[in-house]
Structures are given as structure tokens and as C-alpha cells.
Amino acid sequence: MSTHVQKPGWFTVNVFNRVVAWMTRRGLSVWGSRVLAVRGRKSGAWRTTPVNLLTVDGRQYLVAPRGHVQWTHNMRAAGGGELRLGKKVDVFTATEVTDDEKVPLLRAYLKRWKAEVGVFFKGVGPDSPDGDLRRIAPDHPVFRVTVKS
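Keep in mind that this is a model prediction, so the values were computed, not measured.

Q: Which residues make up unusual backbone geometry, and what values go with them?
A: Positive phi outside glycine occurs at Asp-57, with the angle close to 50 degrees. Mapped onto the elements, Asp-57 comes out in the loop between strand E2 (46-56) and strand E3 (59-63). What makes Asp-57 exposed here is its relative accessible area of 77%. One non-glycine residue, Lys-122, lies in positive phi territory at about 50 degrees. By the secondary structure assignment, Lys-122 is in the loop between helix H3 (99-117) and helix H4 (130-136).

Have a look at this one:
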């Protein structure tokens, strides 16, 4: 498995993520944003981060554009979490998607959010050949989200 991680810069941590999380907590989704809450794999404490919820063919996915970051490790251990938008909380289970299944999902993610996250995909974009998307797939975990009824 890849260990690829791109740490966020000061502006992202201290300004961008905080603004998006603040808006999302108040019920204003920014291009599909949600606040992801997942239990820490060591502490058991809730950890939160803003994410973009991708919908493809009626199914929902979480893509980690920065790679194998803390929330992805926690998601593997917890097997799910909560997606929050304002007062609405969706409890979900998560299943990690295989690298071969990621190609159309990464393409859809980049079509929607390339301006925001394209820099993290090593020059691969939504119009890149399938082979290029498959090459970077191990660096970007993707989880299928199943909301509990």
C-alpha cells in the first residue's frame, strides 16, 4: 500500500478548512462539503475534518485527495463515522474501494473539484487517460459510504 501524504499548508489548516467547516456546520454545503466525524483509532475520540462528498450513479464516496492522511487510517479502523451538514447527521459505514474501481471515481472527483484539489494529483486531471488515473489510484484512498437508515 502507498504511504503517500501531502500535508496541508498553513493557509489550508488555519483559514480554508476552518471557513469551510464553519459554513458546513451551519448547514451551508460548499460544493458538496460535509464535516466528517470519525473515531480516532488510538484515542477513540471523535476527530473531524471537512470533506467533499462525491455522488456517482446514486452511490456516495469519500476521496482522500491528500493521500493516506489521519482520517483515512481512522476510517479503516472504525469502519464508518458521521457526515454532518448543519444539524443533519448521517451515520454511515464505509468500505474501501479497490484501486481498479477508483478510476471512474477519481475522474468524477477531479471533474467536480479539480480547481480545489487538482494540485494533489501529480498532473493527472479529469481528461487524463485511464492508465494515468490507475497509476495514481494507490495514492488516494476512496471509501464507499453507506448511510444507515
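Q: Before we move on, could you go through the nonpolar core and cite the residues and values that matter?
A: Formed by 19 residues in total, the largest nonpolar core has its most connected members in Leu-54, Tyr-61, Leu-105, Leu-106, Tyr-109, Phe-121 and Val-142. Elements with a minimum of two residues in this core: E2, E3, H3 and H4. Top contributing element to this core by residue count: H3, with 7 residues. Setting aside chain neighbours within four positions, we find Tyr-109 in contact with Asn-52, Leu-54, Val-63, Pro-65, Lys-114, Val-117 and Phe-121. Core analysis: the next-biggest nonpolar cluster, separate from the first, contains 14 residues, Leu-36, Val-51, Val-69 and Phe-92 among them.

Q: Could you give an account of the sheet that holds strand E1 (residues 33-39), with specific residues and numbers?
A: Within the closed barrel, the 6 strands sit side by side as E1-E2-E3-E6-E5-E4. Their pairing is antiparallel. Across the sheet, the mean angle from the axis of one strand to that of its neighbour is 45 degrees, orientation sign disregarded. As judged from the 3 bridges shared by E1 and strand E4 (residues 80-85), these two strands associate in the antiparallel manner. Among the inter-strand pairings, Val-35 is bridged to a residue of E4, identified as Arg-84.

Q: Break down the side chain of Asn-52 for me, with residues and values.
A: Of note, Asn-52 is situated in strand E2. A distance of 3.4 Å separates a polar atom in the side chain of Asn-52 from a polar atom in the side chain of Tyr-109.

Q: Which residues make up the packing of aromatic side chains, and what are the values?
A: With the rule as written, the count across this model stands at 3 aromatic pairs. The interplanar angle of 50 degrees and the centroid separation of 5.9 Å between the aromatic rings of Trp-71 and Phe-143 together place this pair among those described as tilted. Here the residue Trp-71 occupies a position in helix H2 (residues 70-78), and Phe-143 occupies one in strand E6 (residues 142-147), the gap between them amounting to 72 residues. Each member of the pair Trp-71 and Phe-143 is classed as buried. Each ring, one from Tyr-109 and one from Trp-113, has its centre 4.9 Å from the other, and the planes form 50 degrees; the classification is tilted. Here Trp-113 and Tyr-109 lie together in helix H3, a separation of 4 residues that amounts to about one turn. With respect to burial, Tyr-109 and Trp-113 carry one shared label: buried. These aromatic residues form a ring-pair network of at least three members: Tyr-109, Trp-113 and Phe-121. Arg-84 extends its terminal NZ or CZ atom over the ring of Trp-46, reaching a point 5.7 Å from the ring centre.

Q: If you had to explain the pairing of E2 to someone new, which residues and values would you point to?
A: Consecutive side chains along a regular strand alternate between the two faces of the sheet. Taken together, the 7 bridges between E1 and E2 define a ladder with antiparallel strand orientation. Across the sheet, residue Ser-33 finds its bridge partner in E2, namely Asn-52. Both E2 and E3 contribute to a ladder of 4 bridges, which runs antiparallel. Across the sheet, residue Leu-53 finds its bridge partner in E3, namely Leu-62. Adjacent in sequence and paired antiparallel, E2 and E3 are bridged by 2 residues, among which Asp-57 carries a positive phi angle near 50 degrees.

About the thresholds
- Residues numbered from 1 in each chain as written.
- Predicted model: local features only at pLDDT ≥ 70, side-chain atom pairs only at ≥ 80, totals over all residues.
- Heavy atoms only, no water.
- Helix = DSSP H or I, 4+ residues; strand = E, 2+ residues; numbered from the N terminus.
- Buried < 20%, exposed > 50% of the residue type's maximum accessible area, 1.4 Å probe, protein only.
- Core = buried A, V, L, I, M, F, W, Y, C linked by side-chain atoms within 4.5 Å.
- Contact = heavy atoms within 4.5 Å.
- Pairing = 2+ DSSP bridges.
- Axes fitted to C-alpha atoms, helices over the stretch in contact; angles between N-to-C directions.
- Polar contact = N/O pair within 3.5 Å; in protein donor to acceptor, adjacent residues only side chain to side chain.
- Phe/Tyr/Trp six-rings, centres within 6.5 Å; stacked < 30°, edge-to-face > 60°.
- Lys NZ or Arg CZ within 6 Å of the ring centre and 35° of its normal.

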